[in-house]
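# Descriptive analysis of the structure
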Amino acid sequence: MPPVIAPASSARVALWEGAGGIGVTSIPCPPPRAGEVLIRVSVATVCGCVRDAIRERRLGSWPTVLGHEGVGVVEAVGRGAEALTVDGISLAPGMRVVWARDVGCGTCGACAAGATAACAEPRELGRQAMTDTWALTGSLASHMLLPAGAALALVPAGVPDAVAAPAGCALAVAAAAIDRAGAIAGRRVVVLGAGMIGLAALAMAVEAGAASTTAVDPCAKRRRRALAFGADAALDVDARVPACDVVIDAAGGADTFVRVSGSLARGGVAVVAGARAQVPDAVVDVERLSRDGLALLGLGRPSPRHVLDAVTFLAATHAMRPWADIVSPPRGLEAVVEAVAHSGGSIARVAIAPGTPASAVTRGEPAHRP
Ligand SMILES: [Zn+2]
Ligand SMILES: [Zn+2]
């Protein structure tokens with residue numbers, strides 16, 4: 001039995017205050033209400049979405065507790081409604097879990113039909129302003145409050161915290177991209193971008209029986225990393241990409257995506273995962289699209305079951321690949337400012353252990369090397 005821990009009365013959080021920047025502060029930690037789950041965060045990882053949220057400076061998106069990727073332990077579950085994992089396990093204090101980035105509203109047509117990925121107004125962890133009833137919105141904190149309806153999955157024993165932390169965002173997106181691409185077995189797969197999503201997509205494609213896997217990334221260090229994650233080849237962005245059946249865009253620029261999609265064989269499918277900047281002169285060959293029966297697909301949001309797919313994948317294969325090497329040693333909450341400024345550097349993720357006092361922070365590889 002896990003030790004019983006008295007619920008915390010306050011939480012230390014990385015609070016984004018818009019023009020006021022990011023500060024570490026303490027805020028009240030009320031008990032969860034019906035269906036809500038209070039999490040004690042063990043490790044949170046800083047993904048590109050956090051930086052994008054700040055750069056976009058969306059109106060009404062602050063003050064908020066930043067972050068959504070993470071792994072933690074259930075500290076309390078609100079009374080009056082059962083809180084379940086994606087696969088129907090009743091959540092209880094002491095369970096180690098990961099969670100999806102977005103929480104369906106539970107009332108719109110899509111949510112009513114069980115298609116929460118298409119929810120009209122999802123609650124976005126770490127990306128929307130805190131309210132009177134939901135202040136612990138993000139994972140870059142000692143505690144976070146998951147609203148009723150959040151998609152959680154248990155983390156199997158043996159998967160280290162730092163490896164599990166990105167499962168709810170990056171790995172769920174990769175699982176969704178593989179899912180969207182359809183059949184992978186026997187097909188030639190090209191992944192654009194060897195960041196966390198791209199590496200996960202490569203590894204998942206290998207496990208799914210891809211005939212070959214090729215990574216495309218402008219950075220030599222990231223290309224080497226892709227080979228360590230199972231890619232058969234890793235090419236620079238201007239190299240000729242051989243004929244392929246599946247392209248998964250996990251970070252490539254729009255022009256790279258259009259060019260590489262030119263290598264799709266008949267019946268090929270390209271999946272664009274994640275947000276993309278508009279590139280006005282990126283042109284899709286519509287005539288070829290029709291003639292060769294190609295499919296160009298956007299990803300949208302992952303479904304709750306993709307979080308489960310991600311942890312299931314990690315449980316089965318995490319020891320086969322150097323996941324721990326692409327996450328920084330855990331730092332204290334005060335390191336969030338630097339981590340947000342430099343996410344996207346030479347390691348895939350900066351890890352934050354919110355319970356680590358600043359004086360005990362491990363000094364490891366810096367978040368970014370020029
Ligand atoms: Zn994310
Ligand atoms: Zn909804």
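Our structure is the block above this text.
A short tour of the structure in this document, coming up. For clarity, every value in this text was computed on a predicted model and none was experimentally measured. (Residues numbered from 1 in each chain as written. Chains lettered and ligands numbered in written order. Predicted model: local features only at pLDDT ≥ 70, side-chain atom pairs only at ≥ 80, totals over all residues. Heavy atoms only, no water.)

### Side note on the overall build of the protein chain
From N to C terminus, the protein chain includes ten helices and 17 strands. Across the 370 residues in the protein chain, those meeting the buried criterion constitute 51%. Long-range pairs, those at least 24 residues apart, make up 70% of the contacts in the protein chain with a sequence separation of at least 6. For the protein chain, the accessible area works out to roughly 15400 Å², and carbon and sulfur atoms hold 56% of it. (Helix = DSSP H or I, 4+ residues; strand = E, 2+ residues; numbered from the N terminus. Buried < 20%, exposed > 50% of the residue type's maximum accessible area, 1.4 Å probe, protein only. Contact = heavy atoms within 4.5 Å. Areas by Shrake-Rupley, 256 points an atom, 1.4 Å probe, with all protein chains shown as cover.)

### Topic: helix α7 (residues 254–261)
Every buried residue of α7 is listed here: Ala254, Thr256, Phe257, Val260 and Ser261. End-on, the buried residues of α7 take up no more than an arc of 160°, which puts them together on one face. Residues of α7 that are buried sit in contact with β11 (188–192), β12 (212–216), β14 (244–249), β15 (264–272), α8 (286–291) and β16 (295–298). (Arc of directions from axis to C-beta.)

### What about the pairing of strand β9 (residues 143–146)?
Burial of β9 is two-sided: the residues His143 and Leu145 facing one way and the residues Met144 and Leu146 facing the other way are all buried. As defined by bridge partners, strand β3 (residues 37–46) adjoins β9 across four bridges and the pair is classed as antiparallel. Within β9, the position partnered with Val37 by the bridge is Leu146. (Pairing = 2+ DSSP bridges.)

### Focus: the packing of helix α4 (residues 170–181) against helix α5 (residues 196–207)
Where α4 meets α5, the axes come as close as 8 Å, and the angle between the chain directions of the two elements is 50°. With respect to α5, the element α4 is oriented oblique. The interaxial crossing formed by α4 with α5 has right-handed handedness. Where α4 abuts α5, its residues Ala170, Leu171, Val173, Ala174, Ala175 and Ile178 lie against Met196, Ile197, Ala200, Ala201, Met204 and Ala205. Taken together, the residues of the contact of α4 with α5 sort by class into twelve nonpolar, no polar and no charged. (Axes fitted to C-alpha atoms, helices over the stretch in contact; angles between N-to-C directions. Parallel < 35°, antiparallel > 145°, perpendicular 65-115°, else oblique. Left-handed = near helix turned anticlockwise from the far one by under 90°. Nonpolar A, V, L, I, M, F, W, Y, C, P; charged D, E, K, R; others polar.)

### Comments concerning the pattern of salt bridges
Inspection of every chain in the model, using the stated rule, returns 18 salt bridges. Arg96 is the salt-bridge partner of Asp161, the closest N and O atoms lying 2.6 Å from each other. Separated by 65 residues along the polypeptide, Asp161 in helix α3 (residues 161–164) and Arg96 in strand β6 (residues 96–99) bring together distant segments of the chain. Relative accessible area serves as the criterion here: at 25%, Asp161 is assigned to the partly exposed category. Residue Arg96 is classed as partly exposed on the basis of its relative accessible area of 21%. Residue Asp102 pairs with Arg101 through a salt bridge whose shortest N-O separation is 3.7 Å. Residues joined in a network through salt bridges with shared partners are Arg266, Glu287, Arg288, Arg291 and Asp292. (Salt bridge = Lys/Arg side-chain N within 4 Å of Asp/Glu carboxyl O.)

These results come straight from atomic positions and should not be treated as a statement about function.
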